[in-house]
Amino acid sequence: MSGEAVLVPYTDILRQECPRLRILVAGKVRGSGAGKSALINAVFGVDATPVSHRTPGEHDIDKPLIFAENDRVIIHDSKGFEAGEETNVQKVLDFIERRSKMPALGDRLHAIWVCAEIPFAGARLFEKGVERILKECRGNGSSSIRPYFPPHFTASVPIIVVFTKLDILRETQEKILEEDLEGQGEEMDDEAFEAKVEAVVDEAVQNLCVEPLRALTPSDCPEYPWVATSNGRESRFKKTITKLVNLALESAEIEKVWIGMAIAQRSHAKASIEASIRIGRKRYWHGLFSDIFLGFTMRRLLDVLQKDIVNVWNMEDPENCLKRPEFLALLSVLVEDLSDENRNNYPLTKAAVQAVIEHPTAIITAGPTAIVVLFAEWVRGTYKKTKSSVRCLMGFLVDLTLTMDTLFYLVLAGGRKPMKIGLVNRALRIYKTRKAPVHASIRAWTDGWSVFGHLDANVVINKIADIITEHSVKPERWEMRDEVVDESWMAVDALRETKMV
């Protein structure tokens, strides 16, 4: 159908307007630095050269850090503000104002993260230069939760203050408490000890960080949002990075910047799920449950849905495993139990795989002796608005999103290595074992439709979102088992034979 040329992934359209999230990271250089590089690495899943280790001669705020492994974020770094460096402070303020004036959304500054290491032994929290920036960019009395630039600035940029190295503060407080208990000859059970340490750490953050920050903001202005973070591998510290991502999303008032942040980050699966749903609402998910796609091939519809969701999750995938037809075919097999069509049981051949790669629309066969179909039976032909097809499309959106959710935690557990076919196979098998209640929910809900012809797309999309949220991976229950993986695509029958729990 000639109209299929209009099926461009919505994420591609967004990328044309705002290719990358642009963040200014500011903070002092003291000892090993304010933890800026480690913070960038933890949030965006990159390997950033320590930004605090550059020499003054090498530094230029207008020359950003761009990462080959994650091309959805640009970082501008302000160098440290030593005593008397008023020139550099003014350069930063001028940079902020200049970037705020730029007409193209992709060229503007989207956020400022002011990083400060939690101080010890009476050290100063902020350099004088950072204090000046915070005062210059403080709120103007607005009731908004985020600060705004003063009247001579033409635009606003959300600012978040990030207190780094929370793990060191916690280790220090743990040691102090242990020594106190030992000195007093007392004991404390683990739960009580943890609660005591948490309370002491929270109080220390308030006294050492939050109160000095509040002193920079007049009482009639909104306070700067802040978060205390650590890059430690323990669960409690990983949650601090999640808090930062949530705060960044809450501060983004422009929808496209919110989506840009959700796509760029690689540390918060729930943000990726929410972005998938938001983008779906913007364009194609609505169309799938109306009449506008009647006559389009199912393969073309699934292809654009696949690309949008995969783009949102923004995983490091140099071989494009997640956009391959083999992945799409295996996803179609996951969904087939929701279809009223008979399952295609023809064996998969190398000729079939190559034929689909070379001729993506040629997905049907004349019989068992001809080129064999790669996809499940329900993907054949054109889209028809039937209860079976809508049920399958719901299943496809849910299954793909939850498979990506599973992949997210596999990648995180494996040290964020680039995507490989074996990892995709593993995620599909893991999700297959737990998909039964997911599909049961979909079927039970769709079976309850009485007036199918007047189906409200928003109601369907809300149900998809609810099912995804209910069945998404719960990190606290995530169990990682070592497994030998095959770096070639699994056969569709192998996936079919994977037992469900």
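Scroll up to find the structure this text is about.
Report follows, based on the coordinates. What you are looking at is a predicted structure, and each value in this text was computed from that prediction instead of being measured. (Residues numbered from 1 in each chain as written. Predicted model: local features only at pLDDT ≥ 70, side-chain atom pairs only at ≥ 80, totals over all residues. Heavy atoms only, no water.)

**Notes on the sheet that holds strand 5 (residues 159-164)**
Strand pairs in the sheet, formed through backbone hydrogen bonds, run parallel or antiparallel to each other. If you trace the six strands from one edge of the open sheet to the other, you get 2-3-1-4-5-6, paired in mixed fashion. One side of each edge strand has no neighbouring strand; the edge strands of this open sheet are strand 2 (65-67) and strand 6 (226-228). The mean angle between the axes of side-by-side strands here comes to 25 degrees, regardless of whether they run parallel or antiparallel. Bridge count between strand 1 (residues 21-27) and strand 4 (residues 111-117): five bridges; the pairing is parallel. Residue pairing for strand 4: Gly27 is matched across the bridge by Cys115. Across the sheet, helix 6 (residues 190-214) lies against strand 5 and strand 6, angled at about 160 degrees from strand 6, the strand it touches most. (Pairing = 2+ DSSP bridges. Helix = DSSP H or I, 4+ residues; strand = E, 2+ residues; numbered from the N terminus. Axes fitted to C-alpha atoms, helices over the stretch in contact; angles between N-to-C directions. Contact = heavy atoms within 4.5 Å.)

**Side note on the side chain of Ser389**
Within the secondary structure, Ser389 sits in helix 14 (residues 387-413). Once you skip the residues sitting within four places of it in the chain, Ser389 turns out to touch Tyr383 and Lys384.

**Some words on the pattern of salt bridges**
Evaluated as defined, the whole model comprises 27 salt bridges. Put simply, Arg300 and Asp303 hold a salt bridge, and the shortest N to O gap is 3.3 Å. Remark: Asp303 and Arg300 occur in helix 11 (residues 298-313); sequence separation between them is three residues, near one turn of the helix. With a relative accessible area of 23%, Arg300 lands in the partly exposed category. (Salt bridge = Lys/Arg side-chain N within 4 Å of Asp/Glu carboxyl O. Buried < 20%, exposed > 50% of the residue type's maximum accessible area, 1.4 Å probe, protein only.)

**Digging into the pairing of strand 1**
Across the seven residues that make up strand 1, a large majority, seven, are buried. Taking every second residue as pointing to the same face, both faces of strand 1 are buried, with Leu21, Ile23, Val25 and Gly27 on one and Arg22, Leu24 and Ala26 on the other. As paired strands, strand 1 and strand 3 (residues 70-77) are joined by five bridges and run parallel to one another. Along strand 3, the bridge assignment pairs Leu24 with His76.

**Structural notes on the environment of Phe289**
Summarising the element assignment, Phe289 is placed in the loop between helix 10 (284-288) and helix 11. Take Phe289: its relative accessible area is 1%, and that puts it in the buried class. Residues Phe289 and Met394, 105 residues apart in the sequence, show an inter-C-alpha distance of 9.5 Å. The contact partners of Phe289, leaving out residues within four places of it in the chain, are Tyr383, Lys385, Val390, Met394, Leu397, Leu455, Ala457, Val460, Ile461 and Ile464.

**Considerations on helix 7 (residues 235-251)**
Across its 17 residues, helix 7 extends 25 Å between first and last C-alpha, which sits within 8% of the 24 Å expected from 1.5 Å per residue. All of the buried residues in helix 7 are Phe237, Thr240, Ile241, Thr242, Leu244, Val245, Leu247, Ala248, Leu249 and Ser251. (Expected span 1.5 Å × (residues − 1).)

**Here's the deal with unusual backbone geometry**
Its identity as a non-glycine residue notwithstanding, Lys165 has a phi of 65 degrees, on the positive side. Take Lys165: it is sitting in the loop between strand 5 and helix 5 (166-184). The exposure class of Lys165 is buried, given its relative accessible area of 16%. Positive phi values are uncommon outside glycine, yet Asn314 reaches one of about 50 degrees. Assignment of secondary structure puts Asn314 in the loop between helix 11 and helix 12 (325-335). Overall, Asn314 belongs to the buried group, its relative accessible area being 9%.

**A look at the packing of aromatic side chains**
Each aromatic ring pair is summarised here by two numbers: the centre-to-centre distance and the angle between the ring planes. The final tally for this structure, using the stated rule, is six aromatic pairs. Judged by centre distance (5.4 Å) and plane angle (80 degrees), the ring pair of Phe293 and Phe296 falls under edge-to-face. When its relative accessible area of 5% is taken as the criterion, Phe296 is described as buried. Taking the centre distance of 5.0 Å and the plane angle of 80 degrees together, the rings of Phe408 and Tyr409 count as edge-to-face. The residues Phe408 and Tyr409 share a single accessibility class, namely buried. Cluster of aromatic residues (ring-pair linked, three or more members): Tyr284, Phe293 and Phe296. A cation sits over an aromatic face here: Arg236 above Phe237, 5.9 Å from the ring centre. (Phe/Tyr/Trp six-rings, centres within 6.5 Å; stacked < 30°, edge-to-face > 60°. Lys NZ or Arg CZ within 6 Å of the ring centre and 35° of its normal.)

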